[in-house]
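# Understanding the architecture of this molecule
The lines below spell out each chain.
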2 protein chains.
Amino acid sequence: MPSLVHHPLDPASRLIRLMCAEYGVPLDLEEIKPWLRDEALLAINPAATLPILFTDNEQSIVGLMATMHAVEDLYAPDTVGGLFPTDPMQRAEMWRLVEWALIKLNDEVTRYLIEEKIAKRDLRGATPEPSVLRAAKANFVEHMLYFNWLLASRSWVGGDDMTLADFALAAHFSTLDYMGDIDWAKVPAETRDWYSRIKSRPAFRTLLNDRVVAMPPSKGYADLDF
Amino acid sequence: MPSLVHHPLDPASRLIRLMCAEYGVPLDLEEIKPWLRDEALLAINPAATLPILFTDNEQSIVGLMATMHAVEDLYAPDTVGGLFPTDPMQRAEMWRLVEWALIKLNDEVTRYLIEEKIAKRDLRGATPEPSVLRAAKANFVEHMLYFNWLLASRSWVGGDDMTLADFALAAHFSTLDYMGDIDWAKVPAETRDWYSRIKSRPAFRTLLNDRVVAMPPSKGYADLDF
């Protein structure tokens, strides 16, 4: 069985877990805290990022871009049924939105909240800096306006069909939701409906069972009717 | 002829220009300053990032991930001769290092230097903040140690053959070199030799002719014997 070195709240690891679950590939999960930068991690990945996938023949595939492509190449059942559209323009739209979730949303929202709420406490028992939390949450409101604008005219973020872009965005949403950073009462109906559809997929179950020590998930995190 | 909306010192745009030049695809270049966030740019790309590729049939391909894949899909002469290795493990190593250059190096070095030296001046006539420049340059020294460690045992950053990872890293190096942020006297021989080989490729010529208004390139920027 392939194994994945991950952290339960790392959105990049979540994306790979979602892809593997969607493709019916069971994973042996090994949890690690990348911010501790321990030597075993640095020896495999000097960038100290996650995830790291070990294939059945023990070869390591390091980092999000490498694992994302490897999972698609190794495990996608067939091109038609996979998460990467075959039409070139739909594929370009998918990559545009994958980049939005994995780089822009991460950069402006998710990574600050993980750093403040989880890594800082773990590293030095520090409490989150309120001004950073406020800025990240204000940024998230702006992102939400854009996703909602997209979802007002599309079934899925990239168009008519679910793609990797939905999983990339849902990986970030699920981390934010776990930490209690999504106020669902204020989320517009289209975005709420989209997340509800993604959350109901069998592939999502593995994420909903995640628990981080001393940090229980927000109320409603695992509910399909949230 | 396809056209590319770019900025001469944007490393993501440089990577796409290198790929197209390597594949023999002439590009109609349209220069833009993404930090001005003008409405025409936001209408095509609300993330206000570059590059944007317009194909021959006027369809827009937005952002680095989308353009990188589209150029490979549309223009790579054949899989053997392209910038993406066919061997799965070499491909994984390529993506690991592409991610290093485009995300980690960008995040810790290049984007700060562009912001401080170019965008800030352009937006409000401000001078760079010395502490930010110092931090970015100190980070670059750490990156350089790693690249040099790699290049001590490899001909190219990803292994025996040149790949997209070399172009991604060279795109960042060339932007840093233009701005005078690489002190070549202190760069170890392996890395210097690698950059010299990349710089001598015909694909690189287009970058070496770049000039930014009121900001001439560093001495040696366009010299093959630097």
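Cut-offs applied
Residues numbered from 1 in each chain as written. Chains lettered and ligands numbered in written order. Predicted model: local features only at pLDDT ≥ 70, side-chain atom pairs only at ≥ 80, totals over all residues. Heavy atoms only, no water. UniProt positions renumbered as here; feature names shortened; annotations may be inferred. Pairing = 2+ DSSP bridges. Helix = DSSP H or I, 4+ residues; strand = E, 2+ residues; numbered from the N terminus. Right-handed = clockwise from strand over helix to strand, strands pointing away. Axes fitted to C-alpha atoms, helices over the stretch in contact; angles between N-to-C directions. Contact = heavy atoms within 4.5 Å. Buried area = accessible area lost by both parts, 1.4 Å probe. Salt bridge = Lys/Arg side-chain N within 4 Å of Asp/Glu carboxyl O. Polar contact = N/O pair within 3.5 Å; in protein donor to acceptor, adjacent residues only side chain to side chain. Nonpolar A, V, L, I, M, F, W, Y, C, P; charged D, E, K, R; others polar. Parallel < 35°, antiparallel > 145°, perpendicular 65-115°, else oblique. Left-handed = near helix turned anticlockwise from the far one by under 90°. Least-squares fit on C-alpha atoms with pLDDT ≥ 70 in both. Buried < 20%, exposed > 50% of the residue type's maximum accessible area, 1.4 Å probe, protein only. Phe/Tyr/Trp six-rings, centres within 6.5 Å; stacked < 30°, edge-to-face > 60°.

An unreviewed UniProt entry lists chain A under the name Glutathione S-transferase family protein, with Devosia ureilytica as the source organism. Recorded in UniProt under Subunit (unreviewed entry), the annotation for chain A is "Homodimer."

Let us look at the pairing of strand β2 (residues 28–31) of chain A. Residues and elements named next belong to chain A. As paired strands, strand β1 (residues 3–6) and β2 are joined by four bridges and run parallel to one another. Along β2, the bridge assignment pairs L4 with L29. Once the chain exits β1 it traverses helix α1 (residues 11–22) before rejoining the sheet at β2, and the crossover so formed is right-handed.

Residue and element names in this part refer to chain B. Across the sheet, four strands lie side by side as β2-β1-β3-β4; this open sheet has mixed pairing. Single-partner strands in this sheet number two, and they are β2 (28–31) and β4 (60–62). The sheet shows a mean angle of 20 degrees between the axes of neighbouring strands, taken without regard to direction. Bridge analysis of strand β3 (residues 52–54) against β4 gives three bridges, and the strand direction is antiparallel. Bridge pairing in β4 links F54 to S60. Across the face of the sheet, helix α3 (residues 64–75) comes into contact with β3 and β4 while running at roughly 125 degrees to β4.

All right, on to the environment of B:L53 then. For B:L53, the position within the fold is in strand β3. In this structure, the C-alpha to C-alpha distance between B:L53 and B:D28, residues 25 residues apart in sequence, is 9.7 Å.

Each partner contributes residues to the interface: chain A has 26 residues there, and chain B has 26 residues. Buried area between chain A and chain B, summed over both chains or domains, comes out near 2300 Å², and the portion from carbon and sulfur atoms is 67%. Three residues, A:M65, A:M89 and A:E99, lead the burial of chain A against chain B; their summed loss comes to 26% of the area buried on that side. Counting across the chain A and chain B interface gives four salt bridges. At the junction of chain A and chain B, the tally comes to seven residue pairs in polar contact (both at pLDDT 80 or more). Broken down by secondary-structure element, the contributors of at least two residues to the side of chain A that touches chain B are β4 (60–62), α3 (64–75) and α4 (88–124) of chain A. Element by element, the count of residues in the side of chain A that touches chain B is highest for α4(A), at twelve residues. For the side of chain A that touches chain B, the residue count by class is 14 nonpolar, five polar and seven charged.

So, about the packing of helix α5 (residues 130–151) of chain A against helix α6 (residues 164–178) of chain A. Packed helices, taken two at a time, are described by the angle between their axes plus the distance between the axes. Residues and elements named next belong to chain A. Following both chains from N to C, one finds α5 and α6 inclined at 140 degrees, their axes separated by 14 Å at the closest point. In terms of orientation, α5 lies oblique with respect to α6. Taken as a pair, α5 and α6 cross one another with a handedness that is left-handed. Contact residues: F140, M144 and F147 in α5; L169, F173 and L176 in α6. Looking at the contact of α5 with α6, its residues break down into six nonpolar, no polar and no charged.

The subject of this paragraph is the relation of the copies chain A and chain B. For the pair chain A and chain B, the best superposition has an RMSD of 0.0 Å and corresponds to a rotation of 180 degrees with a translation of 0.0 Å parallel to the axis. The operation mapping one copy onto its partner corresponds to a two-fold rotation axis. It is A:I103 whose C-alpha, among those of chain A, lies nearest the rotation axis, at 4.1 Å. Both copies present the same face, since 100% of the interface residues in chain A are matched by interface residues at the equivalent positions in chain B.

Residues and elements named next belong to chain B. With respect to the helices, strands and loops of the structure, L41 is situated in helix α2 (residues 39–44). Here L41 falls in the buried class, since its relative accessible area comes to 2%. Placed 165 residues apart in sequence, L41 and T206 show a C-alpha to C-alpha distance of 24 Å. Here L41 is in contact with I32, P34, A48, T49, L50 and I52, once residues within four sequence places are set aside.

Let's shift gears to the UniProt feature "domain: GST C-terminal" (unreviewed entry) in chain A. When the UniProt feature table is mapped to this numbering, "domain: GST C-terminal" (unreviewed entry) covers residues 87–226 of chain A. Helix makes up 64% of residues 87–226 of chain A and strand 0%, whereas the separation of the span's terminal C-alpha atoms amounts to 34 Å.

All names here are of chain A. Along the chain, L42 falls in helix α2 (residues 39–44). With relative accessibility at 27%, the residue L42 sits in the partly exposed group. When residues no more than four places from it in sequence are discounted, the contact partners of L42 are R37 and A48.

Time to look at the side chain of A:T110. Among the secondary structure elements, A:T110 is positioned in helix α4. When neighbours within four sequence positions are excluded, A:T110 is seen to be in contact with A:P11, A:L105, A:H172, A:T175 and A:L176.

Tallying each qualifying case throughout the model produces 29 aromatic pairs over all chains. An angle of 75 degrees between the planes, with centres 5.0 Å apart, marks the rings of A:Y178 and A:Y221 as edge-to-face. Within this pair, whereas A:Y178 is found in helix α6, its partner A:Y221 is found in the segment after α8 (205–208), the two being separated by 43 residues in sequence. Classification of A:Y178 by relative accessible area gives buried; the value is 0%. Measuring from ring centre to ring centre gives 5.6 Å for B:F84 and B:W95, while their planes differ by 80 degrees; the resulting arrangement is edge-to-face. Taken as a pair, B:F84 in the loop between α3 and α4 (88–124) and B:W95 in helix α4 lie far apart in primary sequence, eleven residues in all. What makes B:F84 buried here is its relative accessible area of 6%. Within the aromatic cluster, the residues linked to one another by ring pairs are B:W100, B:F140, B:Y146, B:F147, B:W149, B:F173, B:W184, B:W194, B:Y195, B:F204 and B:F226.

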